[in-house]
Amino acid sequence: MSSFCPLPLLGNPHVQTILGNFMTGNHRTSRGHRRVVPLPDGDRVVLHETPPRAIHPREPIALLVHGLGGSHRSPYMPRMTRRLNDLGWRVLRMDLRGAGAGMRLARRFYCAACSDDIRCVVEYLAAALPDRPIAVVGFSLGGNIVLKFAGEAAARPLPSLRSVAAVAPPIDLIRCSELLARHTFYDAFFVHLLTSQVAQHQRYFPDLPKVVFPRRMNLRQFDDLYTAPRWGYADALDYYRRAS
């Protein structure tokens, strides 16, 4: 049973979602540094590292993976970083390929199935920071990605990996796309974030095929036009079935 008890007048989940997104509070983190991790296909991703206040030779490591339309700057990422830092964790916030600080470094754009990228990063961290336990935490779409990564790690274990956590993961992408279509406010919000990211990404890589989006579009149409063909899926439905 859940012990969560919302504040008065904040029991509605939509109210919680909207306030949590816009009332971010102080989400600055202590100054850290960036790590750039190469991927097998030539793309690179960026990690934003924040060490704990008290350095310990074997402090645990947390890799945070953002959600759809997000980056290392998404409000929940710094908030979780501060919480874990206070508990003695070294935290690395990952920008998925094509997002955040890594937008110029990746010709491909992230999707719900890019679990191989997570494995590459965990292997990199295990080599760069040896003998430290690693936890991977994914939010929203990042939750689906890290759960996919965890399932695949059962066949190819990673000795340094200790735990995986997923926060509000859309583990059934077909069902979630149907639910989003009913709530046009959320659907339009994500479409706006994604088309803005893609437009910026296309400016950095003008040689890639350019996609012109219709003025009115939902998330499933975006995945039909952009995500599915870029990752070799037949269409959005094929992508949702195979990436969930």
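Keep in mind the model is a prediction, meaning the values are calculated, not measured.

### What to know about the overall build of the protein chain
Broken down by element type, the protein chain carries eight helices and six strands. Written out in order from the N terminus, the α and β elements of the protein chain read α-β-β-β-α-β-α-β-α-β-α-α-α-α. Taking the principal axes of its C-alpha atoms as reference, the protein chain extends roughly 50 × 50 × 35 Å. In the protein chain, 70% of the contacts between residues at least 6 apart in sequence involve partners at least 24 apart. On the protein chain, roughly 13200 Å² of surface is accessible, and the fraction owed to carbon and sulfur atoms is 57%. Between the centroid of the 32 positive side chains of the protein chain and the centroid of its 19 negative side chains there is a distance of 7 Å.

### Considering the packing of helix 5 (residues 173-182) against helix 6 (residues 184-204)
Direction vectors running N to C along helix 5 and helix 6 enclose 110 degrees, while the axes themselves pass 5 Å from each other. Here helix 5 lies roughly perpendicular to helix 6, going by the angle between them. Residues Leu180, Ala181 and Arg182 of helix 5 form the contact with helix 6, whose own contacting residues are Thr184, Tyr186, Asp187 and Phe190. For the contact of helix 5 with helix 6, the residue count by class is four nonpolar, one polar and two charged.

### Brief notes about the pattern of salt bridges
Per the counting criterion, the structure on display carries 13 salt bridges. Two residues, Glu59 and Arg90, come together in a salt bridge whose shortest N-O distance is 2.5 Å. A residue pair is termed long-range when its members are at least 10 positions apart, and Glu59 in the loop between strand 2 (44-50) and strand 3 (61-65) and Arg90 in strand 4 (residues 90-95) qualify at 31 residues. Given a relative accessible area of 2%, Glu59 falls into the buried group. Among the ionic pairs, Asp117 bridges to Arg97, the shortest N-O distance being 2.8 Å. Taken together, the residues span a long stretch of sequence, with Asp117 in helix 3 (residues 115-128) and Arg97 in the loop between strand 4 and helix 3 at a distance of 20 residues. A single salt-bridge network, built from bridges that share partners, covers Arg35, Glu49, Glu59, Arg90 and Arg132.

### Digging into the sheet that holds strand 2
Strands belonging to one sheet form pairs held by backbone hydrogen bonds; the direction of such a pair is parallel or antiparallel. Read from one edge of the open sheet, six strands run 1-2-4-3-5-6, paired in mixed fashion. Either end of the sheet is taken by a strand with one partner, and the two such strands are strand 1 (33-38) and strand 6 (161-167). Put simply, the sheet's adjacent strands are angled 25 degrees from each other on average, direction ignored. In this sheet, strand 6 lies alongside strand 5 (residues 134-139) in parallel orientation, the contact comprising six bridges. In the strand pairing of strand 6, Phe139 is matched with Val167.

### Thoughts on unusual backbone geometry
Excluding glycine, most residues fall at negative phi; most peptide bonds, likewise, are trans. A positive phi angle, near 70 degrees, is found at Leu9, a position not held by glycine. Leu9 gets classed as exposed once you look at its relative accessible area, which sits at 84%. Phi is positive for Asp131, close to 65 degrees, though the residue is something other than glycine. Tracing the sequence through the fold places Asp131 in the loop between helix 3 and strand 5. Accessibility expressed as a relative area gives 59% for Asp131, which makes it exposed.

Definitions and cut-offs
- Residues numbered from 1 in each chain as written.
- Predicted model: local features only at pLDDT ≥ 70, side-chain atom pairs only at ≥ 80, totals over all residues.
- Heavy atoms only, no water.
- Helix = DSSP H or I, 4+ residues; strand = E, 2+ residues; numbered from the N terminus.
- Contact = heavy atoms within 4.5 Å.
- Areas by Shrake-Rupley, 256 points an atom, 1.4 Å probe, with all protein chains shown as cover.
- Lys, Arg positive; Asp, Glu negative; His and termini not counted.
- Charge placed at Lys NZ, Arg CZ, Asp CG, Glu CD.
- Axes fitted to C-alpha atoms, helices over the stretch in contact; angles between N-to-C directions.
- Parallel < 35°, antiparallel > 145°, perpendicular 65-115°, else oblique.
- Nonpolar A, V, L, I, M, F, W, Y, C, P; charged D, E, K, R; others polar.
- Salt bridge = Lys/Arg side-chain N within 4 Å of Asp/Glu carboxyl O.
- Buried < 20%, exposed > 50% of the residue type's maximum accessible area, 1.4 Å probe, protein only.
- Pairing = 2+ DSSP bridges.

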